[in-house]
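# Observations on the model geometry
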Amino acid sequence: MDNSAPVVVLKDQGGHAAVAVARSLGRLGIPTYLVSEDGPSAVGASRYWTNRFAWDLSGPNDQSLRTLLDAGREIGSRPVLLAIADSTALFIEKNASVLEKYFIFPKAPPPLIQALTNKWQMFAAAKEHGIPTPEVMYPRSRADVVNFIKTARFPIVLKGAVHLLPQAKWKTIVHTTAELLEKYNSASASGNPNLILQEYMPGDDESVWMCNAYFGAGSECRAIFSGKKIRQTPPPASISTLAVR
């Protein structure tokens, strides 16, 4: 196996999946680098990182880009650039024309990544292409929510719609009309809420399955992996703390 190409993992706040990447690639002898927010981090403590670079994705785009380019020049060898969060994938898409001179990464036609990180647009794309998906409603006013309640089946899942807007990572399950209206009123107190209302799919933690796949340049599926969640935090709809594949 050729393990000479270094890999740069690009992470913002959170991003504990980076540890799995470091352990998997590090054990194969692949030089693996972390570019992440500064400060104490359990993610950055892994012994499998060849080196770590601090950056601030919340700062000006030019500044964040300069930090990443400096890291790429220091590493050399045009490393593979790996995003493990929506925010970092969007950053790469936005700056792809500059980054591709220093890094190797999949290039999708813009604004594909932006659309796939928008839960409402992804729902619309699934419908367009005949992919089964829970029903979703994107309310633009309280009146939309009131009309939705007339035919709604509880419980209902509330999620952030657009990753780059406030409440992007909010996810909760409501069981009554009063609870739904209370949550919506709270979310809309500072302006238009960034929320979708999604059909609830019943089941406990162990009924949640995941699928990840790798596709080549011609969209051919090269590898596919399935996983089953055992535990999530916070329950009952969030990041896996224990899973099997």
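Quick look at the structure, then. (Residues numbered from 1 in each chain as written. Predicted model: local features only at pLDDT ≥ 70, side-chain atom pairs only at ≥ 80, totals over all residues. Heavy atoms only, no water.)

Further remarks concern the nonpolar core. Leu10, Val35, Leu68, Leu81, Leu99 and Phe103 are the most contacted members of the largest nonpolar core, which totals 18 residues. Counting residues per element, the ones that place at least two in this core are β1 (7-10), β2 (32-36), α2 (61-75), α3 (86-94) and α4 (96-99). A total of five residues in this core trace back to one element, the largest contributor, which is α2. Other than its neighbours up to four places away in sequence, phenylalanine 103 contacts Val8, Leu68, Leu69, Gly72, Arg78, Pro79 and Leu81. (Core = buried A, V, L, I, M, F, W, Y, C linked by side-chain atoms within 4.5 Å. Buried < 20%, exposed > 50% of the residue type's maximum accessible area, 1.4 Å probe, protein only. Helix = DSSP H or I, 4+ residues; strand = E, 2+ residues; numbered from the N terminus. Contact = heavy atoms within 4.5 Å.)

Here the focus is the packing of aromatic side chains. With the rule as written, the count across this model stands at four aromatic pairs. On the numbers, 6.3 Å between centres and 35 degrees between planes, the contact of tyrosine 33 with phenylalanine 53 is tilted. Note that tyrosine 33 is positioned in strand β2 and phenylalanine 53 in strand β3 (residues 51-54), a separation of 20 residues in sequence. We classify tyrosine 33 as buried; its relative accessible area is 13%. Seen in terms of ring centroids, tryptophan 120 and tyrosine 138 are 5.7 Å apart; in terms of plane orientation they differ by 40 degrees. Their pairing is tilted. Taken as a pair, tryptophan 120 in helix α6 (residues 119-128) and tyrosine 138 in the loop between β5 (136-137) and α7 (142-149) lie far apart in primary sequence, 18 residues in all. Classification of tryptophan 120 by relative accessible area gives partly exposed; the value is 30%. In textbook terms, an aromatic cluster arises when at least three aromatic residues are bridged by ring pairs, as seen for Trp120, Phe123 and Tyr138. Stacked on the ring of phenylalanine 105, the Lys or Arg lysine 107 has its end atom at 5.4 Å from the ring centre. The residue whose ring lies beneath arginine 140 is tyrosine 138, and the NZ or CZ to ring-centre distance is 4.4 Å. (Phe/Tyr/Trp six-rings, centres within 6.5 Å; stacked < 30°, edge-to-face > 60°. Lys NZ or Arg CZ within 6 Å of the ring centre and 35° of its normal.)

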